[in-house]
Amino acid sequence: MRETTIAILGAGAWGSALATLASENGYSVRLWSRGGAKTLLEVVEDADIILSAISMKGVRAVAAQVQSLPISKETIFVTATKGLEPETTSTPLQIWQEVFPTHAVVVLCGPNLSKEIQMSLPAATVVASESAAAAQSVQLVFSSHRFRVYTNSDPLGVELGGTLKNVIAIAAGVCDGLQLGTNAKAALITRGLTEMVRVGVHWGAKMETFYGLSGLGDLLATCNSPLSRNYQVGYQLACGKTLTEILAHIEGTAEGVNTTVVLMQRAKQQNISVPITEQVYRLIQSEVTPRQALEELMVRDMKPEHFI
Ligand SMILES: NC(=O)c1ccc[n+]([C@@H]2O[C@H](COP(=O)([O-])OP(=O)(O)OC[C@H]3O[C@@H](n4cnc5c(N)ncnc54)[C@H](O)[C@@H]3O)[C@@H](O)[C@H]2O)c1
Ligand SMILES: O=P(O)(O)OC[C@H](O)CO
């Protein structure tokens, strides 16, 4: 029998970590990056699974390039990107589904700081798809004694958990940078989760998905780790650096900055209340200082504790 071949698009921190996991499980892995030695055709040709770990800004262009190549009808697409497209507000899942409407698309998302995974520390993740068989195939590829993979049937919810938490992670970095304490951080994360649920359910995701690994799980990992680039953005803003300075020195992609702008725009259009996102947005636009953002959150109207 022919061995299963995995094509991984994007040789950044996350694409490389996922390539390591699949290689360690004995799969044949081909890694592609723009400017790399292999052509896209060489990498995706005859691949059973094509996984994208491209930054949000490159997803549509890469998907269009792949569309122009001969791909088997059976090929499963996996998306591991966490972001929103500025022009359309689409998620990466929606882009891959739009470009490949007859293929199974699986979302891979969870509390997965790539540096920890490259250090072989244990972690868990979720693979979600409308096709249970496709999700199970991807589960098999990445599961190991150090990486526990769960399947899920709410791909949009799983993806939005990983995407929306990046905005709250920026706020968590601000909270720690200003040394606001553990009570404040717990309140921020809890109310941040409610904000994620409110947006996600409005956009068609299942509420319970946000209480799983890709929602609460990824929120906890990202809001509590200096390894998170999004957390670093908030932390360094609170320490007085400008966004331009921070982004010039950060290693890799902090998707939360762009996600905040797109989320704010769509929440406004749809009249969804997103007070934490609004303050992160005003902060990255330099409309408020970190202290003013905190003040504005604290003096809002009194109200009951709603959970959506
Ligand atoms: N690093 C992590 O811990 C981690 C974990 C889970 C998910 N993610 C998500 O995975 C995605 C990638 O993150 P990363 O940490 O690997 O980022 P990275 O900056 O290290 O790598 C990004 C990759 O995308 C490619 N890319 C960017 N723009 C492109 C374009 N226009 N055309 C083609 N390729 C392009 C880059 O060349 C690079 O290979 C992000 O959406 C991130 O949120 C990252
Ligand atoms: O470094 P960040 O902030 O992109 O976080 C990485 C992953 O999303 C954690 O799961």
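Residues numbered from 1 in each chain as written. Chains lettered and ligands numbered in written order. Predicted model: local features only at pLDDT ≥ 70, side-chain atom pairs only at ≥ 80, totals over all residues. Heavy atoms only, no water.

Draft legend 1. Focus on the site of ligand 2. Lining the immediate surroundings of ligand 2 are Lys82, Gly110, Pro111, Asn112, Leu113, Lys165, Asp218, Thr222, Leu227, Ser228, Arg229 and Asn230. Here an oxygen atom of ligand 2 sits 2.7 Å away from a polar atom, N or O, in the side chain of asparagine 230. The fraction of the free accessible surface of ligand 2 (310 Å²) that becomes covered by protein chains is 92%. Residue assignment for the shell around ligand 2 shows that the elements contributing at least two residues are α9 (213-224) and α10 (229-238). Looking at the shell around ligand 2 residue by residue, the class counts come to 3 nonpolar, 5 polar and 4 charged. (Near = heavy atom within 4 Å. Polar contact = N/O pair within 3.5 Å; in protein donor to acceptor, adjacent residues only side chain to side chain. Areas by Shrake-Rupley, 256 points an atom, 1.4 Å probe, with all protein chains shown as cover. Helix = DSSP H or I, 4+ residues; strand = E, 2+ residues; numbered from the N terminus. Nonpolar A, V, L, I, M, F, W, Y, C, P; charged D, E, K, R; others polar.)

Draft legend 2. Region of interest: the side chain of threonine 260. When you line up the elements, threonine 260 lands in helix α12 (residues 256-269). Within polar-contact distance, the side chain of threonine 260 engages the backbone oxygen of glycine 256 at 2.6 Å. Those residues in contact with threonine 260 that lie beyond four places of it in its chain are Val167, Ile170, Thr277, Val280, Tyr281 and Ile284. (Contact = heavy atoms within 4.5 Å.)

Draft legend 3. Region of interest: the pairing of strand β1 (residues 5-9). Of all the 5 residues making up β1, 5 are buried; the element is thus mostly covered by neighbouring parts of the structure. In β1, alternate side chains face the same way, and those of Thr5, Ala7 and Leu9 on one face and Ile6 and Ile8 on the other are all buried. Sheet topology note: the β1/strand β2 (residues 28-32) ladder contains 5 bridges and is parallel. In the sheet register, threonine 5 faces β2, and the bridge partner there is serine 28. Tracing the backbone out of β1, into helix α1 (residues 13-24) and back to the parallel element β2 gives a crossover that is right-handed. In terms of strand pairing, β1 meets strand β3 (residues 49-52) through 4 bridges, oriented parallel. (Buried < 20%, exposed > 50% of the residue type's maximum accessible area, 1.4 Å probe, protein only. Pairing = 2+ DSSP bridges. Right-handed = clockwise from strand over helix to strand, strands pointing away.)

Draft legend 4. View of a nonpolar patch on the surface. On the surface, Met207, Tyr211 and Ile308 cluster together into a nonpolar patch covering about 270 Å² of accessible area. For tyrosine 211, the position within the fold is in the loop between α8 (182-202) and α9. When its relative accessible area of 42% is taken as the criterion, tyrosine 211 is described as partly exposed. (Patch = residues over 30% accessible without salt bridge, like charges linked within 9 Å, V, L, I, M, F, W, Y side chains within 5 Å. Salt bridge = Lys/Arg side-chain N within 4 Å of Asp/Glu carboxyl O.)

Draft legend 5. A look at the side chain of threonine 163. Position of threonine 163 among the secondary structure elements: in helix α7 (residues 155-177). Judged by relative accessible area, which is 0%, threonine 163 ranks as buried. Setting aside residues no more than four positions away along its own chain, threonine 163 makes contact with Lys82, Gly83, Leu84 and Thr259.

Draft legend 6. Representation of the UniProt feature "domain: Glycerol-3-phosphate dehydrogenase NAD-dependent N-terminal" (unreviewed entry) in the chain within the structure. Taken from the UniProt record, the annotation "domain: Glycerol-3-phosphate dehydrogenase NAD-dependent N-terminal" (unreviewed entry) applies to residues 6-34 and 40-134. As annotated, residues 6-34 comprises 41% helix and 31% strand, and the C-alpha atoms at either end are separated by 17 Å. A distance of 23 Å separates the end C-alpha atoms of residues 40-134, which is 35% helix and 20% strand. (UniProt positions renumbered as here; feature names shortened; annotations may be inferred.)

Draft legend 7. Spotlight on the environment of asparagine 112. Here asparagine 112 is to be found in the loop between β5 (105-109) and α5 (114-118). Each residue touching asparagine 112, except ones within four places of it in the same chain, is listed here: Trp14, Ile117, Ala123, Ala124, Thr125, Phe147 and Asp218.

Draft legend 8. Representation of the packing of helix α13 (residues 275-284) against helix α14 (residues 290-298) in the model. Contact pair α13 / α14: the axes reach a minimum separation of 10 Å and the direction vectors enclose 160°. In this view, α13 runs roughly antiparallel relative to α14, as classed from their interaxial angle. The chirality of how α13 crosses α14 is right-handed. Here Pro275, Ile276, Gln279, Arg282 and Leu283 of α13 come into contact with α14, specifically with Pro290, Ala293, Glu296 and Leu297. By residue class, the composition of the contact of α13 with α14 is 6 nonpolar, 1 polar and 2 charged. (Axes fitted to C-alpha atoms, helices over the stretch in contact; angles between N-to-C directions. Parallel < 35°, antiparallel > 145°, perpendicular 65-115°, else oblique. Left-handed = near helix turned anticlockwise from the far one by under 90°.)

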